[in-house]
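Summary of the model geometry
Now for the letters of each chain:
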Amino acid sequence: MASIVGCLPNISLTSITQFPENPKSLILQQCKTPKDLQQVHAHLLKTRRLLDPIITEAVLESAALLLPDTIDYALSIFNHIDKPESSAYNVMIRGLAFKRSPDNALLLFKKMHEKSVQHDKFTFSSVLKACSRMKALREGEQVHALILKSGFKSNEFVENTLIQMYANCGQIGVARHVFDGMPERSIVAWNSMLSGYTKNGLWDEVVKLFRKILELRIEFDDVTMISVLMACGRLANLEIGELIGEYIVSKGLRRNNTLTTSLIDMYAKCGQVDTARKLFDEMDKRDVVAWSAMISGYAQADRCKEALNLFHEMQKGNVYPNEVTMVSVLYSCAMLGAYETGKWVHFYIKKKKMKLTVTLGTQLIDFYAKCGYIDRSVEVFKEMSFKNVFTWTALIQGLANNGEGKMALEFFSSMLENDVKPNDVTFIGVLSACSHACLVDQGRHLFNSMRRDFDIEPRIEHYGCMVDILGRAGFLEEAYQFIDNMPFPPNAVVWRTLLASCRAHKNIEMAEKSLEHITRLEPAHSGDYILLSNTYALVGRVEDAIRVRSLIKEKEIKKIPGCSLIELDGVVHEFFSEDGEHKHSKEIHDALDKMMKQIKRLGYVPNTDDARLEAEEESKETSVSHHSEKLAIAYGLIRTSPRTTIRISKNLRMCRDCHNATKFISQVFERMIIVRDRNRFHHFKDGLCSCNDYW
DNA sequence: ATAGGGTTAG
């Protein structure tokens, strides 16, 4: 018994023989480890004190509720009790309900019922908690019926668990019915209802109920605010969000970290990332959740570079990321094409044996796919033990965008074989797979099966995919008819899709018509005029091409500057086409000149048509050679080792000249070059591109 | 003895 001294610091070795008369609080408070408990248990057995139900229940409570991983120990003690009283059952049911074996809690409840042991409010709330965790609606309903049948007097604890159980089982209406029928409601009841709405994504209802709380002047607490802030974030309801923000300040609650984290998240989701950052900087202790919230705030605001910077700062601050943090970090890497950083994150996840949750795995798949490494996506997919519709969809979309249309469709088939129900987004992926792989009939078939076989109503995006499938394959007239027969008015995106096909198939008439439709719906982007202009240029109507291009200036349409990113040693470098002359160093320009000279020697001819269209006032060649991707590739060539792959991501479509030049570069410099443009991937190798010059 | 809470994806 020597070691018990260390565990029970108030008792000396001799005093163990004088075990306290009533050792209940000693058992509950002093047993810090399973070992402590075992020794106390042994002592109680030896001294036959275990016959006292009060003492036994204290041991049970310690084993079933307070200590980790001792639930089996608790069960073995419980099973030795001759005729357990209801309080002993209650402790066990509650312990089982909390300790990940809610099914056993239910079984024990059943046993209790069979043995006619009286159940009470404690039994009911514990067993309902178990039902809630298991999403066992049927059993929950049975318990509810039993509560009503046994003439049980209303009790707020039980009613609150009923609300929780019904909400967790998706029966939010029943939950509300229970709530409405309560004779008295503390703030916990209101909070239970709010959290029920939250779990079901009914954000509007959260705000509605909170307005009621305000109206009735019910005093709310931090738990209330956390639910409501969550809803405000999802709804971008800054009005209520700020109201709570001011309340928090006025009540001096800023030191409540959980609350402040919710506030940060709300501001970030409402587009006020800088306000969120200010709150974040003012926190006196930032835990991993606060960091994760702020990082995801930047990522959602499309400020991924800042997200990654903050991630690096987090590591300097010795806060360890968890799988939630990594989801936002990988999302940012995917957006930026920051392959090295993302690869390191994957390595870190493995090294730290982080749980590969469905969300994290799905994000890894998306990350690799967006960096052009679709094989790695497939690997991750195969390693995952749990996959959901998001996982399958990410893989299918990744395959489609990387030109693996056929494989995407194969995975779609095996998704169905695995009884995973596709959703509307899955079909976007599947249809774009058909589009990239030029599988017209397959596309038609899948589009028609959406409503018929899967009960999914095609949205305008799906119609857009169909237009793309038809248009790419050259069925422009059919695509036009298809748009005409849509059940809703076409938007600019649909016409833009057709316009792109018109360029590919050199159909002037329909290109003109498409642009007309676009301008009728919204002010056209500069890219639309460029597509039409390119179409004219392709059929030799250079004057028209120039005329259309000049419209961009005349109409003062803002041009989106082309921007290419390349990541080197974990740092993302940005190159812009517009300010190429001024911003970049001599080193880069020298590299660019050298690169252009070398590919010309091998037969590259700059496309002066495009150059002429682009900027008549500048010398033709200079203009085109300064597209951002050429700068980024030139920089990549001098900064990376020979024969390694160069990866670029770009915010616009690649132009034909850059596409052509990159093919030459891949050959001359013996480099694999992967360019992710706005729409798809181009894998350049040995002078050829994976898109077969069709994009 | 019991009830309600923050960050994550296609």
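Chain A appears in an unreviewed UniProt entry as DYW domain-containing protein from Cucumis sativus.

Some details on the packing of aromatic side chains
In this structure the tally under the stated criterion is 24 aromatic pairs. By the ring-pair criterion, three or more aromatic residues cluster together here, those being Tyr339, Phe367, Tyr368 and Tyr373. Directly above the ring of tyrosine 368 sits arginine 376, whose terminal nitrogen or CZ lies 4.9 Å from the centroid. Against the face of tyrosine 480 rests lysine 513, its NZ or CZ located 4.2 Å from the ring centre.

Thoughts on the pattern of salt bridges
In the structure shown here, the tally under the stated rule is 33 salt bridges. Linking glutamate 629 and lysine 650 is a salt bridge whose minimum nitrogen-to-oxygen distance equals 2.8 Å. Placement of the pair is glutamate 629 in helix α38 (residues 628-639) and lysine 650 in strand β3 (residues 646-650), with a sequence separation of 21 residues. Judged by relative accessible area, glutamate 629 falls into the buried class, the value being 0%.

Remarks on the protein's contact with DNA strand B
The immediate surroundings of DNA strand B are formed by 46 residues, with Asn160, Asn191, Asp221, Gln397 and Asn423 found nearest. Counting only the atoms of DNA strand B that lie within 4 Å of the protein, the sugar and phosphate share comes to 40%. One of the side-chain nitrogen or oxygen atoms of serine 125 is found 2.8 Å away from a base oxygen of DNA strand B. Within the side chain of glutamine 300, one N or O atom sits 3.1 Å away from a phosphate oxygen of DNA strand B. Here the surface near DNA strand B is built from residues that sort into 13 nonpolar, 21 polar and twelve charged.

Rules used throughout
- Residues numbered from 1 in each chain as written.
- Chains lettered and ligands numbered in written order.
- Predicted model: local features only at pLDDT ≥ 70, side-chain atom pairs only at ≥ 80, totals over all residues.
- Heavy atoms only, no water.
- Phe/Tyr/Trp six-rings, centres within 6.5 Å; stacked < 30°, edge-to-face > 60°.
- Lys NZ or Arg CZ within 6 Å of the ring centre and 35° of its normal.
- Salt bridge = Lys/Arg side-chain N within 4 Å of Asp/Glu carboxyl O.
- Helix = DSSP H or I, 4+ residues; strand = E, 2+ residues; numbered from the N terminus.
- Buried < 20%, exposed > 50% of the residue type's maximum accessible area, 1.4 Å probe, protein only.
- Near = heavy atom within 4 Å.
- Polar contact = N/O pair within 3.5 Å; in protein donor to acceptor, adjacent residues only side chain to side chain.
- Nonpolar A, V, L, I, M, F, W, Y, C, P; charged D, E, K, R; others polar.

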